[in-house]
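# Fold and geometry: a report
Residue-level listing of the chains:
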Amino acid sequence: MCGIIGIIGNSDVAPRLLESLRRLEYRGYDSAGIAVQTGHGPERRRAEGKIRNLEAVIDEQPLPGVVGIGHTRWATHGAPSVRNAHPHHYGKVTLVHNGIIENFAELKAELKAKGQVFESDTDTEVIAHLLNDALEGGQPLKDAFKRVLDRLHGAYALAILVEGEENTILGARRGSPLVIGWGENDEMFLGSDALAVGPFTQRVTYLEEGDWVILSRGGAQTFDAQGFLVNRPVTTVSASAALVEKGSYRHFMEKEVHEQPDSCQRTLSAYLDPVAGEVRADIKAALDFSQIVRIQIIACGTAYYAGSVARYAFEKLAGLPVDVEVASEFRYRSPAMMPGTLAVAVSQSGETADTLAALRWCKDEGLKTAAVVNVHSSTMAREADLMWPTHAGPEIGVASTKAFTAQLSALLCLAVCAARQRGRITAHEEAHLVQVLLESPGLISQALGMDADIVRITHKLSKARDVIYLGRGDMYPLALEGALKLKEISYIHAEGYAAGELKHGPIALIDENTPVVVIAPDDALFEKTASNVQEVAARGGRVIMITDTPEKVPALSEDAARTLTVVKAPACDPFIAPLVYSVPIQLLAYHTAVHKGTDVDQPRNLAKSVTVE
Ligand code: HGA
């Protein structure tokens, strides 16, 4: 989602604002802008589309000045246009905003009734009007800011410049994250995450929910939601620049797909003790699964599919009932929760607005909560009773890959932990499963070797209008994830179905123009899935079958055989098949998108870290 940067610097800030915005490009955006204190009030430059368009505007009309703010916008209210791009300005106030002001219509009506004119269609602009009014009314800056924040409903991270306050940036967070960066020689920064300030400092303070701040040269006064001065700790983050460069890869997504042996290894190491052949003692000590009667997983998008895969493992191995629900439905459904339920939020960023709201709802209901997150300092990490980290490293590609397999790695380890603690498996069986899990990075690496075979089939796939993905058991959520990945980056319509469900409706879609991707590892359900392949082939469907046992693929009639393409995956234990088979489905989507020439890392309309509803 939108990125924010604010700098109180010692030299011209425009180039550094742009540098930070480039770092934030990965979040997905549709316009960008900066504002700088020029000596006669803040001045803005804005542009639709990519940062390079903004650079061109600034090249033509430079913005000198040492204090400024910048923003990448992912439109929620009002079309992506220069007029709606941030910073927004009214009177003395110029500001950028992440989030949604839910009561903006009511506030706007009130302000319009006073004769004020709005220049954009955004919800954001009301904040500039409100703050300007409060300042014009003679209120001191601090009181005016607090009064305005109290009137806002919804979610915001804000960075604000005020005319006449040349060395100040106001910041506030509710619902959307914001960090303070502490630089050298009294330079100060505000950012929507640690990566935003990463080029300038590694020393950051994470603002808490409801916090607001008056940033000045060399310092910051931070207040909580009630207006009390608070002291939030300064932490040092390891924003290794190398992790956010593409290196020799064409796209971040390609790099991240290839990083999966490492990211899964790192994540598995946080959960498994390879020497003892068991789940690590600290993980076992943190939660006793024998005290849990049910798990409620809440997540969105790809993380929801990771949770859906995990359900099979928790139920089969640990005999623990699991429900998985998309957070945007869960949060408004008034679900009936059973005491003893553990609520598990799964989110790469740990900031996903719907998942966070669902997590908070569970906490309010008195449930124990856990968060599986990749950003360990995120709001979910801090608010959940228990943080289960993934170690994927920064994920820059909007379409999630390594974060997904890291989530799967963590959740599969936790399923083993639960099975052992609930007496469902012996120490010997635990050791076997730990061994199987530890083999997965090597097998993921082998699966990356399917690249060339997959490139060969994607030229056909890229011409399809619709694609169907089929899987059974834990390959069913993987089929859903495969379809999502293809939709996200290649814009080809794709749907995932449980293979056995095909004949109950979707088989009507089968024809020679609709490729069917079948994910069929050599597991207990292989024969059943193979029968579904027969059903598709019998109707002239084109099947791409991803399997480690091509020799078991049923003999098809000569005609049908011509339409079948088998892509060989590495043989693996069915327990880790979701990890291994993630790779070919990611590669399939990636190469199809590359073939189509889409913007793989920043697909249209999508954003990373979805901090709005
Ligand atoms: N509501 C504001 C900001 C949108 C946002 O936070 N996107 O991530 C707008 O539409 O401009």
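Our structure is the block above this text.
What counts as what
Residues numbered from 1 in each chain as written. Predicted model: local features only at pLDDT ≥ 70, side-chain atom pairs only at ≥ 80, totals over all residues. Heavy atoms only, no water. Pairing = 2+ DSSP bridges. Helix = DSSP H or I, 4+ residues; strand = E, 2+ residues; numbered from the N terminus. Axes fitted to C-alpha atoms, helices over the stretch in contact; angles between N-to-C directions. Contact = heavy atoms within 4.5 Å. Buried < 20%, exposed > 50% of the residue type's maximum accessible area, 1.4 Å probe, protein only. Near = heavy atom within 4 Å. Polar contact = N/O pair within 3.5 Å; in protein donor to acceptor, adjacent residues only side chain to side chain. Areas by Shrake-Rupley, 256 points an atom, 1.4 Å probe, with all protein chains shown as cover. Parallel < 35°, antiparallel > 145°, perpendicular 65-115°, else oblique. Left-handed = near helix turned anticlockwise from the far one by under 90°. Nonpolar A, V, L, I, M, F, W, Y, C, P; charged D, E, K, R; others polar. Expected span 1.5 Å × (residues − 1). Bend = angle between axes of the 7 residues up to and from the residue. Phe/Tyr/Trp six-rings, centres within 6.5 Å; stacked < 30°, edge-to-face > 60°.

The sheet built from 8 strands is open, its strands ordered S3-S2-S4-S1-S10-S9-S11-S15 with antiparallel pairing. Looking along the sheet, the strands with just one partner apiece sit at the ends: strand S3 (42-48) and strand S15 (235-236).

Taken together, 5 strands build an open sheet; the order of strands is S19-S18-S20-S21-S22 and the sheet is parallel. Strands at the two margins of the open sheet, each flanked by one partner only, are strand S19 (322-326) and strand S22 (386-389). Each adjacent strand pair in this sheet contributes to an overall mean axis angle of 20°, direction not counted. With 4 bridges joining them, strand S21 (residues 368-373) and S22 adopt parallel strand pairing. Of the residues in S22, the one forming a bridge with Ala370 is Leu386. Those strands touched by helix H14 (residues 402-421) are strand S20 (341-347), S21 and S22, and its axis lies near 140° from that of S21.

What follows is about the side chain of Asp354. Note on placement: Asp354 falls in helix H12 (residues 353-364). Setting aside chain neighbours within four positions, we find Asp354 in contact with Cys300, Ala327, Ser328, Arg331 and Glu613.

Glancing now at unusual backbone geometry. In the segment running from His86 into Pro87, the intervening peptide bond is cis, with an omega of 0°. With respect to the element layout, Pro87 can be found in the loop between strand S4 (67-73) and strand S5 (88-90). Backbone geometry places Asp186, a non-glycine residue, at a positive phi of 70°. Along the chain, Asp186 falls in the loop between strand S9 (179-182) and strand S10 (188-191). Of the residues examined, Asp186 reaches a relative accessible area of 47% and is grouped as partly exposed.

Looking now at the site of the ligand. Taken together, 15 residues sit near the ligand, with Cys2, Arg73, Thr76, His86 and Gly99 positioned nearest. Measuring from an oxygen atom of the ligand, one finds a backbone N or O atom of Cys2 at 3.1 Å. In the environment of the ligand, an oxygen atom lies 3.0 Å from a nitrogen or oxygen atom belonging to the backbone of His77. Expressed as a share of its isolated accessible area of 310 Å², the protein-covered part of the ligand is 100%.

What follows covers the packing of helix H8 (residues 260-271) against H14. Axis separation between H8 and H14 bottoms out at 9 Å; the angle between their running directions is 30°. With respect to H14, the element H8 is oriented roughly parallel. Two packed elements cross with a definite hand, and for H8 against H14 that hand is right-handed. From H8, Gln260, Ser263, Cys264, Thr267, Leu268 and Tyr271 reach across to H14, where they touch Lys402, Thr405, Ala406, Ser409, Ala410, Cys413 and Leu414. Grouping the constituent residues of the contact of H8 with H14 by class yields 7 nonpolar, 5 polar and 1 charged.

Assignment of secondary structure puts Val612 in the segment after helix H20 (577-596). In this structure the C-alpha to C-alpha distance between Val612 and Trp74, which are 538 residues apart in sequence, comes to 10.0 Å.

This part covers helix H15 (residues 427-448). In this model, H15 (22 residues) spans 33 Å end to end at C-alpha, consistent with the 32 Å of a helix rising 1.5 Å per residue. Where H15 bends most, the angle comes to about 35°, and this point is Pro441. Within H15 the residues assigned to the buried category are Glu430, Leu433, Val434, Val436, Leu437, Ser440, Pro441, Leu443, Ile444, Ala447 and Leu448.

To continue, consider the packing of aromatic side chains. Inspection of every chain in the model, using the stated rule, returns 7 aromatic pairs. Taking 5.1 Å as the distance between ring centres and 10° as the angle between the ring planes, the aromatic pair formed by Phe189 and Phe200 counts as stacked. Separated by 11 residues along the polypeptide, Phe189 in strand S10 and Phe200 in the loop between helix H6 (194-197) and strand S11 (203-206) bring together distant segments of the chain. Phe200 sits in the buried class, given a relative accessible area of 17%. The interplanar angle of 15° and the centroid separation of 6.0 Å between the aromatic rings of Phe289 and Trp388 together place this pair among those described as stacked. Placement of the pair is Phe289 in the loop between helix H9 (281-286) and strand S18 (294-299) and Trp388 in strand S22, with a sequence separation of 99 residues. The buried category is assigned to Trp388, whose relative accessible area is 4%. Members of the aromatic cluster, each reached through a chain of ring pairs, are Phe145, Trp212 and Phe223.

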